[in-house]
Amino acid sequence: MYRGTVVYQIARVESVPKTGFAAPSCFRLAEDMTSELIVLKSDFDRFIALEEEFARHDIRAINWQDRQNHLDQIRYALVWHPEPGELAKMTNLKVVFSVGAGIDALTAEGVVPAGIPVARMVEPSLTAGMVEYVLYSVLRLHREMPLYDRNQRNHVWEQGLPVPASDRTVGILGLGVLGGACADALTGLGFNVIGWSRRPKTHGGIESLYGDDQLAAFLGRSDFLVCLLPLTDATRGLIDADFLAQLPHGAFFINAGRGPVVNDQALLAALDSGQIGAACLDVFNQEPLPDDSRYWDHPSVTLTPHIASTTIPDTSIHQVVANIQRYRNGEPLLHLADLEQGY
Ligand code: NDP
Ligand code: OXD
């Protein structure tokens, strides 16, 4: 995701003054005309770069901090973790765009006013970043790099026999936009890939299992388990002791979905016992990860601070602008979240 705080203003020319100067399109920048605002709330300053890009589409930006003066003009909100009640103050809000792929922070009580659609972030750089992260994490464990790192530090020269990728099965929890792209890339490297989702899926020849009934079969085959599930009521705490016990002994676990999908005590116990051979963790129940978390120093854990992938302004803006244009044209929006299901 990108994180920063900017508000973008789209000025709609409701009536073009008859001055002889034609507006270049039916939308153009103008503070003094009836305006559509898009509120952008994120944590990264890089959003400033987007201001220019929006301007190229006749969209004008103002900062989130300035929203109080424009509450009744704001039509669109592009946000990361808005506080409950803030969006409800925007009385003409039409669409909420999530800065990230995961919309769990938007499903909390009182964050998005009832009836307002939420569009998820689906953009090529975010997908590419996740593919890189997952490939790197799988390959690192597959090629036993943690062992060779340790051996280097101890000046140990010891050659192991690599396991062919075709002898490993990678199970992907969540065969959605990101899970599907990771599945394709892993298949390309020769791994056996299976996916698990809520509903049956057809994705590029990947064997797809789904629902509670097929979970045990999926887990029993997953030498690597990659979690790319969203956080919903159904997935919170899903990965518990019983779940982990169904994996092959010594399985590798990668979590780049959401931390609260995992029960930490269960995962730590599985790491201690060797049931989980190693874990790469990018997301946590509490972020930033508390200093006293056992994950920091666990010998079988590699962790990163929720950087597996990031929404890139330059590429994500096209999705947002295209969706705004669809909204104006009365066309169905792309990538709408199902708020009932929570993702
Ligand atoms: P999608 O909505 O495209 O895919 C979600 C997948 O999860 C779908 O296959 C869906 O099943 C499956 N799923 C949801 N609920 C269940 C359930 N109860 N049981 C089984 N399967 C379920 O999301 P994305 O792929 O775009 O993103 C996935 C998640 O990745 C995000 O929600 C976010 O949490 C995380 N993320 C993390 C990042 C990071 O930096 N660490 C960056 C970006 C995203 P079905 O296909 O049947 O609907
Ligand atoms: C996201 C994230 O959901 O960065 O996009 O976690």
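Worth saying up front: this structure is predicted, and the values here are computed from it rather than measured.

Here is what the cut-offs are and how they apply
- Residues numbered from 1 in each chain as written.
- Chains lettered and ligands numbered in written order.
- Predicted model: local features only at pLDDT ≥ 70, side-chain atom pairs only at ≥ 80, totals over all residues.
- Heavy atoms only, no water.
- Helix = DSSP H or I, 4+ residues; strand = E, 2+ residues; numbered from the N terminus.
- Contact = heavy atoms within 4.5 Å.
- Phe/Tyr/Trp six-rings, centres within 6.5 Å; stacked < 30°, edge-to-face > 60°.
- Buried < 20%, exposed > 50% of the residue type's maximum accessible area, 1.4 Å probe, protein only.
- Expected span 1.5 Å × (residues − 1).
- Pairing = 2+ DSSP bridges.
- Axes fitted to C-alpha atoms, helices over the stretch in contact; angles between N-to-C directions.
- 1 Å grid on protein atoms, 1.4 Å probe; cavity = no way out; pocket = protein on both sides within 12 Å on 5 of 7 lines; lining within 4 Å.
- Points joined across faces, edges and corners; volume = space filled by probe spheres on them.
- Near = heavy atom within 4 Å.
- Polar contact = N/O pair within 3.5 Å; in protein donor to acceptor, adjacent residues only side chain to side chain.
- Areas by Shrake-Rupley, 256 points an atom, 1.4 Å probe, with all protein chains shown as cover.
- Nonpolar A, V, L, I, M, F, W, Y, C, P; charged D, E, K, R; others polar.

J.: How do you make sense of the side chain of Gln 319 when you look at a structure like this?
T.: The residue Gln 319 is located in helix H8 (residues 313-329) in this model. When residues no more than four places from it in sequence are discounted, the contact partners of Gln 319 are Arg 120, Met 121, Val 122, Glu 123 and His 335.

J.: How should the packing of aromatic side chains be read in this particular structure?
T.: The relation between two aromatic rings is expressed through the spacing of the ring centres and the mutual angle of the planes. The full count for this structure, using the stated rule, is six aromatic pairs. Between the aromatic rings of Trp 196 and Phe 218, the centroid separation amounts to 6.5 Å while the plane-to-plane angle is 35 degrees, which identifies the pairing as tilted. On the criterion of sequence distance, the pair formed by Trp 196 in strand E8 (residues 192-197) and Phe 218 in helix H5 (residues 215-221) is long-range, its members being 22 residues apart. Neither residue differs from the other here; Trp 196 and Phe 218 are each classed as buried.

J.: When you look at H8 in this model, what are you seeing that I'm missing?
T.: It helps to recall that an α-helix has 3.6 residues per turn; residues three or four apart then point in one direction. With 17 residues, H8 should reach 24 Å at 1.5 Å per residue; the first-to-last C-alpha distance of 24 Å fits that figure. Those residues of H8 that sit buried are Pro 313, Ser 316, Ile 317, Gln 319, Val 320, Val 321, Asn 323, Ile 324 and Arg 328. Positive backbone phi, approximately 75 degrees, marks Gly 330, located one or two places after H8.

J.: Please explain the sheet that holds strand E12 (residues 276-281) as it appears in this structure.
T.: In space, the seven strands of this open sheet follow the order E9-E8-E7-E10-E11-E12-E13, with parallel pairing throughout. The open sheet has two edge strands with one neighbour each: strand E9 (207-210) and strand E13 (301-303). With strand direction ignored, the average angle separating the axes of adjacent strands in the sheet is 15 degrees. Pairing of strand E11 (residues 251-255) with E12, which is carried by five bridges, proceeds in the parallel orientation. Considered in E12, the bridge of Phe 252 is made with Ala 278.

J.: What is the right way to look at empty space enclosed by the protein in this model?
T.: The full count for this structure, using the stated rule, is two cavities of 30 Å³ or more. One number sums up the size of the largest cavity: a volume of about 50 Å³. In terms of lining, the largest cavity is formed by Phe 253, Asn 255, Gly 259, Val 262, Asp 264, Leu 267, Leu 281, Val 283, Phe 284, Asn 285 and Tyr 295. Looking at the lining of the largest cavity, the elements with two or more residues in it are E11 and helix H7 (264-273). Of the volumes computed, that of the second largest cavity is approximately 30 Å³.

J.: Please clarify how the site of ligand 1 should be interpreted in this entry.
T.: If you check the shell around ligand 1, you find 28 residues, and the closest are Leu 178, Arg 199, Lys 201, Asp 282 and Tyr 343. Within the contact set of ligand 1, an oxygen atom lies 2.9 Å away from a backbone nitrogen or oxygen of Val 177. One of the side-chain nitrogen or oxygen atoms of Arg 258 is found 3.2 Å away from an oxygen atom of ligand 1. Within the complex, the protein chains bury 94% of what would otherwise be the 940 Å² of accessible surface of ligand 1. Elements represented by at least two residues in the shell around ligand 1 include exactly helix H4 (177-188) and E8. Counted by class, the shell around ligand 1 contains 14 nonpolar, eight polar and six charged residues.

Function cannot be inferred from these measures alone, as they are strictly geometric.
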